Amino acid sequence: MFEKDLLAGKTVLITGGGTGLGKSMATRLGDLGANLIIASRKAEVLEAAAKELRETGAGVLPFTCDVRKPADVQEMVSRGLKEFDQIDVLVNNAAGNFVSPTEMLTPGGFKVIVDIVLNGTFNCTQTVGRQMMEQGGGTILNIVTTYAWTGSGYVVPSACAKAGVLAMTRSLAVEWAKYKIRLNAIAPGPFPTEGAWQRLVPPGLGIERAMKKRIPLKRFGEHQELANLAAYLVSDGSGYINGEVVTIDGGEWLKGAGEFNDLDKIPRSVWKGLGALRKGKGKQS
Ligand code: HXC
Ligand code: NAP
């Protein structure tokens, strides 16, 4: 669906790019010609991913970095610039999450998620953003989630942090437009990944089945669907989209929001019966 060289000559930094959705986005963007910097805490995971990603033909720099630490982030950007001269795109994808009743959280449990998701995104955005200002522009894509605006029980630290990232996206889309820096976000619904499923979908409780049932399209997202959306949003072809959040969830959050959406449980025969009743009443009056 894209020109093969859509992102040729661009360098993309993806945090959490060694696993899950980050790796899938890296694969697609590399496939479309971008050079890649992938960063997270686990060197061995990054090295293995880099080996695979090089098969797309991309130049790949794996860099061990804890996004919570500003010094790590600065070092990552310096090293990335040495390798590729500039950074055109930042994808803030790294995250932490777990399910817990909120009253059982410790202060450390709340802090660790907010530190990775919100502070980590700020550290990368500010450091790469300064570089983009020097270069004359760039694009930043933040991966949030649909409960960034609805909130969600049992993942309160993540919901608070993702809401903050969404506010950051919209704020800086306006503040940094003068530097030709665009910021957008993607809000995925459920996409199976080892990281998310291990922490959020404990086996044996029927959670996965219930999740799928709630989605109007009755299936989870495919990684390639999200990776294609990311490719579009970081490409020059989307140059007038700024400050937007694009939902990719098969209609899941709207299904929960619309007052009468549960009426799809009513069988067609009952609707027909109700229709006949209504018409019959009309004749009598
Ligand atoms: C309650 C927990 C906990 C749990 C950790 N903590 N796990 N509290 N329930 N399951 C608390 C600890 O008690 C501690 O607080 C604090 O959190 C820090 O714990 P550490 O284990 O030291 O943290 P760390 O080693 O830094 O690991 C961070 C992590 C871990 C977030 C806890 O899960 C991780 O590395 N995650 C990265 C990948 C990830 O989470 N991927 C999923 C993204 S999915 P105290 O007070 O005791 O010190 C996603 C999808 C959303 O976001 C939407 C899906 C539809
Ligand atoms: P994942 O594979 O667990 O991805 C999280 C990544 O973040 C890992 O690569 C992890 O690597 C990295 N990371 C965590 N803490 C870090 C830190 N302090 N510094 C640097 N990197 C760190 O899970 P995923 O499902 O692909 O999630 C990717 C993104 O999509 C996240 O933003 C998530 O919130 C979002 N999302 C996912 C879903 C879904 O259904 N999968 C739905 C909505 C939103 P290390 O452990 O090596 O550091």
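For the structure, check the block above.
Notes on the structure follow. (Residues numbered from 1 in each chain as written. Chains lettered and ligands numbered in written order. Predicted model: local features only at pLDDT ≥ 70, side-chain atom pairs only at ≥ 80, totals over all residues. Heavy atoms only, no water.)

Observations regarding the overall build of the chain
Consideration 1: Counting its regular elements, the chain contains 11 helices and seven strands.
Consideration 2: Principal-axis analysis of the C-alpha atoms gives the chain an extent of 85 × 45 × 40 Å.
Consideration 3: A burial count over the chain gives 46% of its 285 residues as buried.
Consideration 4: Carbon and sulfur atoms make up 55% of the accessible area of the chain, which amounts to about 14900 Å² in all.
Consideration 5: Between the mean site of the 34 positive side-chain charges and the mean site of the 28 negative ones, the chain shows a separation of 10 Å. (Helix = DSSP H or I, 4+ residues; strand = E, 2+ residues; numbered from the N terminus. Buried < 20%, exposed > 50% of the residue type's maximum accessible area, 1.4 Å probe, protein only. Areas by Shrake-Rupley, 256 points an atom, 1.4 Å probe, with all protein chains shown as cover. Lys, Arg positive; Asp, Glu negative; His and termini not counted. Charge placed at Lys NZ, Arg CZ, Asp CG, Glu CD.)

Remarks on the nonpolar core
Consideration 1: Of all hydrophobic cores here, the largest spans 30 residues; its most connected members are Val-12, Leu-29, Leu-36, Ile-38, Val-91, Leu-141 and Ile-186.
Consideration 2: At the level of elements, β1 (11-15), α1 (20-31), β2 (35-40), α2 (43-54), β4 (89-92), β5 (138-143) and α9 (223-234) are the ones that each hand at least two residues to this core.
Consideration 3: In terms of residue count, the dominant contributor to this core is α9 (six residues).
Consideration 4: Those residues in contact with Ile-186 that sit more than four places away from it in its chain are Leu-141, Asn-142, Ile-143, Val-144, Thr-145, Leu-226, Leu-229, Ala-230, Leu-233, Val-245, Val-246 and Ile-248.
Consideration 5: With 25 residues, the next largest nonpolar core counts Leu-13, Cys-65, Met-76 and Ile-140 among its residues. (Core = buried A, V, L, I, M, F, W, Y, C linked by side-chain atoms within 4.5 Å. Contact = heavy atoms within 4.5 Å.)

A few points about helix α4 (residues 107-135)
For an α-helix the count is 3.6 residues per turn, leaving residues at separations of three or four pointing the same way.
Consideration 1: With 29 residues, α4 extends 40 Å from end C-alpha to end C-alpha; this agrees with the ideal 42 Å at 1.5 Å per step.
Consideration 2: Along its length, α4 shows its largest kink, about 40 degrees, at Asp-115.
Consideration 3: Gly-136 lies just past α4 and shows a positive phi near 100 degrees. (Expected span 1.5 Å × (residues − 1). Bend = angle between axes of the 7 residues up to and from the residue.)

Some words on the sheet that holds β4
Consideration 1: Taken together, seven strands build an open sheet; the order of strands is β3-β2-β1-β4-β5-β6-β7 and the sheet is parallel. Two strands lie at the open edges of the sheet, namely β3 (60-64) and β7 (245-248), each paired on one side alone. In this sheet, neighbouring strand axes are inclined to one another by 15 degrees on average, regardless of whether the strands run parallel or antiparallel.
Consideration 2: Along the sheet, helix α6 (residues 156-175) contacts β5, β6 (181-188) and β7; its crossing angle with β6, the most-contacted strand, is approximately 150 degrees.
Consideration 3: Helix-sheet contacts for α9 involve β4, β5, β6 and β7, and the interaxial angle to β6 is about 165 degrees. (Pairing = 2+ DSSP bridges. Axes fitted to C-alpha atoms, helices over the stretch in contact; angles between N-to-C directions.)

Points about the packing of α1 against α2
Geometry of a packed helix pair, given as the angle between the helix axes and the separation of the axes.
Consideration 1: Contact geometry of α1 with α2 gives a least axis separation of 10 Å together with a crossing angle of 25 degrees. With respect to each other, α1 and α2 are oriented roughly parallel. The two elements α1 and α2 meet at a crossing, and its hand is right-handed. Here Lys-23, Ala-26 and Thr-27 of α1 lie close against α2, whose contacting residues are Ala-49, Glu-52 and Leu-53. (Parallel < 35°, antiparallel > 145°, perpendicular 65-115°, else oblique. Left-handed = near helix turned anticlockwise from the far one by under 90°.)

Comments concerning the site of ligand 1
Consideration 1: Surrounding ligand 1, one finds 17 residues, the nearest of these being Arg-41, Gly-96, Asn-97, Thr-106 and Arg-199.
Consideration 2: Within the contact set of ligand 1, an oxygen atom lies 2.9 Å away from a backbone nitrogen or oxygen of Asn-97.
Consideration 3: For ligand 1, an oxygen atom lies 3.3 Å from a polar atom in the backbone of Gly-108.
Consideration 4: Relative to its unbound accessible surface of 1100 Å², ligand 1 loses 58% to contact with the protein.
Consideration 5: Where the shell around ligand 1 is concerned, the elements lending two or more residues are α4 and α7 (194-200). (Near = heavy atom within 4 Å. Polar contact = N/O pair within 3.5 Å; in protein donor to acceptor, adjacent residues only side chain to side chain.)

Honestly, it's all geometry; don't read function into it.
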